[in-house]
Protein chains: 2
Amino acid sequence: MVDAIENALAAIKFGSDGLVAAVAQQHDTGEILMLAWMNRDAVRATLSEGRACYWSRSRGRLWRKGETSGQVQLLRELRLDCDADAVLLMVDQQGVACHTGRRSCFFRSWRGDRWTIIADPQISPETLYPDRH
Amino acid sequence: MVDAIENALAAIKFGSDGLVAAVAQQHDTGEILMLAWMNRDAVRATLSEGRACYWSRSRGRLWRKGETSGQVQLLRELRLDCDADAVLLMVDQQGVACHTGRRSCFFRSWRGDRWTIIADPQISPETLYPDRH
């Protein structure tokens, strides 16, 4: 398992900052949930644990998606693009992906001349992150 | 139109390199086509022309998707994520998105212990880019 994961890592071209862009997509509906970043340890953790783990640029540490909120992303498939500098995580999102309580982080759409909010929160941030409120 | 586009740009948080990550998704099937990068001029061109324009990091210039191959991406909708540092382009891909001739750039899947190619080219790169061959 460890050797296999090292093989997976060997094909990925991490940037000069050690990161690769990662898109998370709900595996069955095709909905784009979020875009985040992964370093080598995040890819290792994701493949070995079967759930999405990212690198939080703002916190400067590994971020097991859902570690606080419980809204984990179960990994169904990991894909790599032609240039090997972006990955696609097909996941089964438990609950919501966005810290605002919305299913997807991409909830603003450019409509005519303004950004329009196109999705409502399904759960309140206070419920997702009780320790922060 | 120009003022509206400047309003759109004002909400986007471009990185220190002037770029924002952009995911292109086929608007009706949900298929993820590619991940690329946009600077302010690329977003301006995309909104004003109604087709995807990116910033090519390798070539250091604007890249109107399909300008050489004819495989343009007609813009259906532009979305912005919660942190405003990633955009989602919902497009109608004409032909294929990948320079290898495959519909999507994410044609490698991690299966067990190896990266497996899961899609065949629909057109040869020689046909897409006759001047390069």
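Reference entry: report on the structure contained in this document. Note that the coordinates shown come from a computational prediction; the quantities given were computed from them, not determined experimentally.

Some thoughts on the relation of the copies chain B and chain A
For the pair chain B and chain A, the best superposition has an RMSD of 0.0 Å and corresponds to a rotation of 180° with a translation of 0.0 Å parallel to the axis. Both chain copies can therefore be described as sitting about a two-fold axis. No C-alpha of chain B lies nearer the rotation axis than that of B:Gly30, which sits 2.4 Å from it. Interface residue correspondence from chain B to chain A reaches 100%, placing this contact among same-surface, isologous pairings.

Examining the side chain of B:Arg102
All names here are of chain B. Positionally, Arg102 belongs in the loop between strand 6 (86–93) and strand 7 (108–111). The charged side chain of Arg102 is buried without a salt bridge, its nearest counter-charge being Asp120 at 5.6 Å. Residues in contact with Arg102, not counting those within four places in the same chain, are Val96, Ala97, Phe107, Ile117, Ala119, Asp120, Pro121 and Gln122.

Here's the deal with the side chain of B:Ser104
Residue and element names in this part refer to chain B. Position of Ser104 among the secondary structure elements: in the loop between strand 6 and strand 7. For Ser104, a relative accessible area of 9% gives the class buried. Engagement of the side chain of Ser104 in a polar contact is seen with the backbone oxygen of Ile32, the distance being 2.8 Å. Leaving out residues up to four positions away in the same chain, Ser104 has contacts with Glu31, Ile32, Leu33 and Cys98.

So, the sheet that holds strand 7 (residues 108–111) of chain A
Strand pairing in a sheet takes place through backbone hydrogen bonds and is either antiparallel or parallel in direction. With mixed pairing, six strands are arranged side by side in an open sheet as 8(A)-7(A)-5(B)-6(B)-1(B)-2(B). Taken across any chain shown, the strands that pair with only one partner, and hence form the sheet edges, are strand 8 (114–117) of chain A together with strand 2 (32–38) of chain B. On average, each strand axis in the sheet is tilted by 35° relative to the strand beside it, whichever way the strands run. Relative to strand 5 (residues 73–80) of chain B, strand 7 of chain A runs antiparallel, the two being bridged by two bridges. In the strand pairing of strand 5 of chain B, A:Arg108 is matched with B:Leu80. Along the sheet face, helix 1 (residues 2–11) of chain B touches strand 7 and strand 8 of chain A together with strand 5 of chain B and points at about 165° away from the line of strand 7 of chain A.

So, how was this worked out
Residues numbered from 1 in each chain as written. Chains lettered and ligands numbered in written order. Predicted model: local features only at pLDDT ≥ 70, side-chain atom pairs only at ≥ 80, totals over all residues. Heavy atoms only, no water. Least-squares fit on C-alpha atoms with pLDDT ≥ 70 in both. Contact = heavy atoms within 4.5 Å. Helix = DSSP H or I, 4+ residues; strand = E, 2+ residues; numbered from the N terminus. Buried < 20%, exposed > 50% of the residue type's maximum accessible area, 1.4 Å probe, protein only. Lys, Arg positive; Asp, Glu negative; His and termini not counted. Salt bridge = Lys/Arg side-chain N within 4 Å of Asp/Glu carboxyl O. Polar contact = N/O pair within 3.5 Å; in protein donor to acceptor, adjacent residues only side chain to side chain. Pairing = 2+ DSSP bridges. Axes fitted to C-alpha atoms, helices over the stretch in contact; angles between N-to-C directions.

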